[in-house]
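If you want the building blocks of each chain, they are given just below.
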Amino acid sequence: MTQLTETEPDVGDDVVLLTVPADGGYLGVLRTATAGLAARLHFALDEIEDLRIAVDEACAMLLAIATRNAELECRFAVTDDALTVEVTVATVRGARLPSESSFAWKVLTALTTSAAAEANGRHATIRLLTRRTEF
């Protein structure tokens, strides 16, 4: 089931929640939502594409450790000059995210302002922050 929900704003933020099955076939939905929200912030085209790639990479990392029939929960927080994308999935026991020295993390940190992750044995979350470049 794909679900789109707009929640109560956090201190002036617009927050959009999008839940899709943890299946690679649904990553296009998340990439499209990412691009649309970044465009709303007037990100440059290359910034939008970088963020789409980063979200795709983060989701791929999470899909590799997701439980069977899990859902990807994606939370987009939109502020005046930034977009935060937080993706969470239920994980298999003992699942670990790639280390911060891995190629996947190098991609995330190169394409976003900041990237962070946490895994607690039941869920894993990757949080990406991208600030709009001022011209």
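Residues numbered from 1 in each chain as written. Predicted model: local features only at pLDDT ≥ 70, side-chain atom pairs only at ≥ 80, totals over all residues. Heavy atoms only, no water.

Per an unreviewed UniProt entry, the chain goes by the name Anti-sigma regulatory factor and belongs to Actinoplanes subglobosus.

Novice: Could you give an account of the overall build of the chain, naming the residues involved and the relevant values?
Specialist: If you tally the helices and strands in the chain, you get three helices and six strands. Ordered by position in the sequence, the α and β elements of the chain form the string β-β-α-α-β-β-α-β-β. Residues counted as buried form 40% of the 135 residues belonging to the chain. Contacts in the chain between residues at least 24 apart in sequence constitute 61% of all its contacts with a sequence separation of at least 6. Entry remark: accessible area of the chain is about 7,500 Å², with carbon and sulfur atoms responsible for 50%. (Helix = DSSP H or I, 4+ residues; strand = E, 2+ residues; numbered from the N terminus. Buried < 20%, exposed > 50% of the residue type's maximum accessible area, 1.4 Å probe, protein only. Contact = heavy atoms within 4.5 Å. Areas by Shrake-Rupley, 256 points an atom, 1.4 Å probe, with all protein chains shown as cover.)

Novice: Any chance you could break down the nonpolar core for me, citing the residues and the numbers?
Specialist: Counting 37 residues, the largest nonpolar core has Leu30, Leu62, Leu72, Phe76, Leu83, Leu108 and Ile126 as the members making the most contacts within it. For this core, the leading source of residues is helix α2 (residues 45-63), giving eight residues. Those residues in contact with phenylalanine 76 that lie beyond four places of it in its chain are Asp14, Val15, Val16, Leu18, Leu30, Ala33, Thr34, Leu37, Leu83, Thr84 and Val85. (Core = buried A, V, L, I, M, F, W, Y, C linked by side-chain atoms within 4.5 Å.)

Novice: Any chance you could break down helix α3 (residues 103-111) for me, citing the residues and the numbers?
Specialist: Note: α-helices contain 3.6 residues per turn, so residues at a spacing of three or four share the same orientation. Among the residues making up α3, those that are buried are Ala104, Trp105, Val107 and Leu108. The arc enclosing the buried residues of α3, seen along the axis, measures out at 155°, which places them on a common side. Away from the buried face of α3 by more than 90 degrees, exposed residues Phe103 and Ala110 are located. In this structure, the buried side of α3 is in contact with α2, β5 (114-119) and β6 (123-131). (Arc of directions from axis to C-beta.)

Novice: Got a sec to walk through the packing of α2 against α3? Specific residues and values, please.
Specialist: Contact geometry for α2 and α3: axes closest at 9 Å, N-to-C directions at 150°. Here α2 lies roughly antiparallel to α3, going by the angle between them. Crossing hand, α2 versus α3: left-handed. Together, Asp50, Ile53, Ala54, Glu57, Ala58 and Met61 of α2 and Ala104, Trp105, Val107, Leu108 and Leu111 of α3 make up the contact between the two elements. Here the contact of α2 with α3 is composed, by residue class, of nine nonpolar, no polar and two charged. (Axes fitted to C-alpha atoms, helices over the stretch in contact; angles between N-to-C directions. Parallel < 35°, antiparallel > 145°, perpendicular 65-115°, else oblique. Left-handed = near helix turned anticlockwise from the far one by under 90°. Nonpolar A, V, L, I, M, F, W, Y, C, P; charged D, E, K, R; others polar.)

Novice: Give a detailed account of the packing of helix α1 (residues 27-40) against α2, specifying residues and quantitative values.
Specialist: Relative to each other, α1 and α2 sit at 145°, their axes nearing to 9 Å. With respect to the hand of their crossing, α1 and α2 are arranged in right-handed fashion. Residue-level inspection shows Leu27, Leu30, Arg31, Thr32, Thr34, Ala35, Ala38 and Ala39 of α1 in contact with α2, the latter providing Ile48, Leu51, Arg52, Val55, Asp56, Cys59 and Leu63. Classifying every residue of the contact of α1 with α2 by side-chain character gives ten nonpolar, two polar and three charged.

Novice: Hey, could you go over the environment of threonine 130 for me, with residue numbers and the actual values?
Specialist: Mapped onto the secondary structure, threonine 130 falls in strand β6. When its relative accessible area of 5% is taken as the criterion, threonine 130 is described as buried. For the pair threonine 130 and aspartate 81, spaced 49 residues apart in sequence, the C-alpha separation works out to 8.6 Å. With near-sequence residues (within four places) excluded, threonine 130 lies in contact with Phe43, Leu51, Asp81, Ala82, Leu83, Leu111, Thr112 and Thr113.

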